[in-house]
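Chain by chain, the residues run as shown.
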Amino acid sequence: MRAAALRHLKPLPVTEVPVLSMRAFRREILASVEDGWRLVSFHGAGRPDDAVRLTAVLALDSSGELKVLAADPGESYPALTPVCPQAGPFEREIAEQWGVTPEGHPWLKPLRFHGSYRPGHVVWPELAGENIQPSVMDFFDVEGEGIHEVAVGPVHAGIIEPGHFRFHCHGEQVLHLEISLGYQHRGVERALLGGPHPRTIHHMETLAGDTTIGHATTYCRAVEALAGCQAPPRARALRAVSLELERLSNHTGDLGALAGDVGYLPTASFCGRLRGDFLNMTAMLCGSRFGRGLVRPGGVGFDVDAGLTARLLESLEDTCRDVAGAVNLLWETSSVRARFEQTGTVSAAMAVQLGLVGPAARASGREMDVRRDFPADDAHYDDWSIAMLTSGDVMARARVRWLEIQRSAEFIRRCLADLPEGPVRMECGPPAADSLVVSMTEGWRGEIVHVAQTGAAGRFARYKVVDPSFHNWMGLAMALRGQEISDFPLCNKSFNLSYCGHDL
Amino acid sequence: MIRALLERIRQCHRTVVYPAGPPVLPERLRGRPVVTPGACPEGCVECVAACPVGAITRPDGRVHVDLGRCLFCGDCAAACPHGALRFTRDHRLAARTRDDLRTVGGEGPLARALEGRMLSLFGRSLKLRQVCAGGCNACEADTNVLTTVVFDLSRFGIKFVASPRHADGLLVTGPVTGNMALALKKTYDALPDPRLVIAVGACAISGGPYAGHAEARDGADAVVPVDLYIPGCPPHPITILDGLLRLLDRLPAERL
């Protein structure tokens, strides 16, 4: 018995998920990763008998294939991470949530600093109960003459989310950066159990507030698939428009922030404003700059008329013209290029090993984009061309964003000019019982994956969220190796990862 | 260099007219909710049932709306069969006490200005340290946006600074996760007296969608004393600015 093939957004009866021996499970995953598959989700779920079942979902981007497999590990199993680094954070998460030990994991530390979901089963007995404090653990240690550590956070200098960064330096040079998160942990996955609840959509909208549309869309598609329905075509088009607006605002803001971090103020200043202009377009749709209330199971909460469509298109033209003017200054300015090029390089091999996703992966030559590889429900993204570069540095991550801005704008123009007629929302029934569905969306940071599994009553027995940041934080740590510590803000901004999306 | 100057000329001056003129707000903005008096039949609790966070109650026949809990999602208005509850475009929501946000029918007192020594100290210069304690980055982003050329916060003497040692107050977002409670307290303790705390967003006021979670503390005032509450999920930047300017007595009379 091996993994079961799975289609994106097609529910599979839970009984058809093959449960392998731990040995076969491990072998199947490692062989698949060797063949170019990626781990898109790898998580535990509690069973009625207090045991834990592991489920892994693998994706092959080039052919748009998915497969799923499961195993019962008992209280411990031989870790995958030593031979498959992309399993690293997943196995730490499994250890922390379920108290199952991945034996031989090279980096086995808490991920978010919370108690076990299985009382009495803990991997770190010394860090249980009252003793759990964020970042209280053993950090990586570097020794030698002239070695020093710099600790930053959780409270940072700017208006950003909390996290702890520990730099091991020799002089100005960073030998290693260890990132310790969990400060934003709000217990989202625990709250999702037994859902959908009245608050579930609000948890989705605030999983990572700058990705409201991305997570809400991924969730709604999952529950629609489980209910055997599909949002009306007009709703799907409006979701796609708002998803690209979310990308435009964030990519524009990121390019401005990158300019700010190298002291190039014209672009920083322009983009700070222009980011808001895109947010205002989302607010034109639904009253909220972040798209709150827009995406709902069964469709969208707001429709547009011809007047609003015209105003949106006009605003898009004006804003995109200004963005082009602001961003092109970057490429023409030698002082900017000098700071962006060959800074924070992530090699193609490293991007594959760590399972990076989104613009960070595409900047390191990884040709992957959910919009092309795992299209959701319609032809919106037909002939989608992937924005890809190969240098893997800050410059590449900036240029990928600029390419994506242009393609997203063109996409919105096309979509709004040709909106399907009809309703924007329909009744979405309850989820089917004992089913598993995988829902994926290319959010602006990269691949968002939700795996929903229902129990006998059609309620969530497990709802697993994988924000793109979950994969990519390790990419940032690797990008810093060998850099000067003063390049950290620039490298950090070039990834711009989510703390709350990681911490859940 | 010349291109940067030309682009600057082309993109012009873009700071909003507000507060000298009225704010420009989205047409579909869900601002202050109002309940039409007398429009609710006895016993109707559709809005109460529709609210995902328990912001609406009807203990005495009247509809009570807790603006500190409200996510401004609009589910209550959609559920109201009598058209009694609706969201206006009124962006003014900030209040000085938690109780002022517990309104009857959406109506409650707006934030009063600081008085006496506090006003003379901070009225023309307020330096804030922002602490995100479980916020989803929406309140943070729409606070940060106040520092762009659009809102140009520094024209009011308000600035965000990098250290609590340089700050007169904290602006807190998020429900205050258990993992951030100590850091928030330590940051507050590092501020010199006298000091202010401003809670921005439903999470920081009541826990928002995370109210009641064991992993969080239901808002900033569980850890630090709060002087100004700014509701929303997230509040529109103009709502945040309105709150700050009210506190510092900087709003022109026609904007009050």
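Everything quoted here is computed from the prediction, not taken from an experiment.

## As for the packing of helix H5 (residues 212-227) of chain A against helix H6 (residues 233-261) of chain A
The packing of two helices is summarised by the inter-axis angle and the distance between the axes.
All names here are of chain A.
Here is step 1 of the chain: In the contact formed by H5 and H6, the axes pass within 8 Å of each other and the chain directions differ by 150°. On the basis of their axis angle, the class for H5 and H6 is roughly antiparallel. Between H5 and H6, the residues in contact are Thr-212, Ile-213, Gly-214, Thr-217, Cys-220, Arg-221 and Glu-224 and Arg-239, Ser-242, Leu-243 and Glu-246, respectively.

## Remarks on the interface of chain B and chain A
Here is step 1 of the chain: Counting residues at the interface gives 57 residues for chain B, matched by 61 residues for chain A.
Here is step 2 of the chain: Contact between chain B and chain A buries roughly 4,500 Å² in total, counting both sides, with carbon and sulfur atoms accounting for 55%.
Here is step 3 of the chain: Viewed at the interface, chain A and chain B are joined by 5 salt bridges.
Here is step 4 of the chain: A salt bridge links A:Glu332 to B:Arg3, with the shortest nitrogen-to-oxygen separation between them at 3.5 Å.
Here is step 5 of the chain: On the surface where chain B and chain A come into contact, there are 29 residue pairs in polar contact (both at pLDDT 80 or more).

## As for the nonpolar core
Here is step 1 of the chain: Membership of the largest hydrophobic core comes to 102 residues, with the highest contact counts inside it found for A:Phe165, A:Leu330, A:Phe340, A:Tyr463 and A:Leu476.
Here is step 2 of the chain: Among residues more than four places away in sequence, those in contact with A:Leu330 are A:Leu255, A:Ala259, A:Tyr264, A:Thr267, A:Val336, A:Arg337 and A:Phe340.
Here is step 3 of the chain: Of all hydrophobic cores here, the second largest spans 45 residues; its members include B:Ala84, B:Leu85, B:Val161 and B:Ala220.

## Brief notes about the pattern of salt bridges
All names here are of chain A.
Here is step 1 of the chain: One pass over the structure, following the stated rule, counts 47 salt bridges over all chains.
Here is step 2 of the chain: The closest approach of N and O atoms between Arg-166 and Glu-149, which form a salt bridge, is 3.2 Å. In this pair, Arg-166 sits in strand S10 (residues 164-170) while Glu-149 sits in strand S9 (residues 147-152), placing the two residues 17 residues apart along the sequence.
Here is step 3 of the chain: For Arg-166, a relative accessible area of 18% translates into the label buried.
Here is step 4 of the chain: For Lys-464, the salt bridge identified is with Glu-189, shortest N-O distance 2.5 Å. Taken together, the residues Lys-464 in strand S16 (residues 460-466) and Glu-189 in helix H3 (residues 188-192) connect sequence positions 275 residues apart. When sorted by exposure, Lys-464 lands in the same class as Glu-189, which is buried.
Here is step 5 of the chain: If you follow the salt bridges from partner to partner, you end up with Glu-244, Arg-247, Arg-362, Asp-369, Arg-371, Glu-404 and Glu-442 in one network.

## What to know about the packing of aromatic side chains
Here is step 1 of the chain: Counted by the stated rule, this structure contains 15 aromatic pairs over all chains.
Here is step 2 of the chain: Residues A:Phe42 and A:Phe90 carry aromatic rings whose centres are separated by 6.4 Å and whose planes lie at 55° to one another, so their mutual orientation is tilted. On the criterion of sequence distance, the pair formed by A:Phe42 in strand S4 (residues 38-46) and A:Phe90 in helix H2 (residues 88-98) is long-range, its members being 48 residues apart.
Here is step 3 of the chain: Judged by relative accessible area, A:Phe90 falls into the buried class, the value being 1%.
Here is step 4 of the chain: Directly above the aromatic system of B:Tyr188 lies the positively charged group of B:Arg195, at a separation of 4.1 Å from the ring centroid.

About the criteria used
- Residues numbered from 1 in each chain as written.
- Chains lettered and ligands numbered in written order.
- Predicted model: local features only at pLDDT ≥ 70, side-chain atom pairs only at ≥ 80, totals over all residues.
- Heavy atoms only, no water.
- Axes fitted to C-alpha atoms, helices over the stretch in contact; angles between N-to-C directions.
- Helix = DSSP H or I, 4+ residues; strand = E, 2+ residues; numbered from the N terminus.
- Parallel < 35°, antiparallel > 145°, perpendicular 65-115°, else oblique.
- Contact = heavy atoms within 4.5 Å.
- Buried area = accessible area lost by both parts, 1.4 Å probe.
- Salt bridge = Lys/Arg side-chain N within 4 Å of Asp/Glu carboxyl O.
- Polar contact = N/O pair within 3.5 Å; in protein donor to acceptor, adjacent residues only side chain to side chain.
- Core = buried A, V, L, I, M, F, W, Y, C linked by side-chain atoms within 4.5 Å.
- Buried < 20%, exposed > 50% of the residue type's maximum accessible area, 1.4 Å probe, protein only.
- Phe/Tyr/Trp six-rings, centres within 6.5 Å; stacked < 30°, edge-to-face > 60°.
- Lys NZ or Arg CZ within 6 Å of the ring centre and 35° of its normal.

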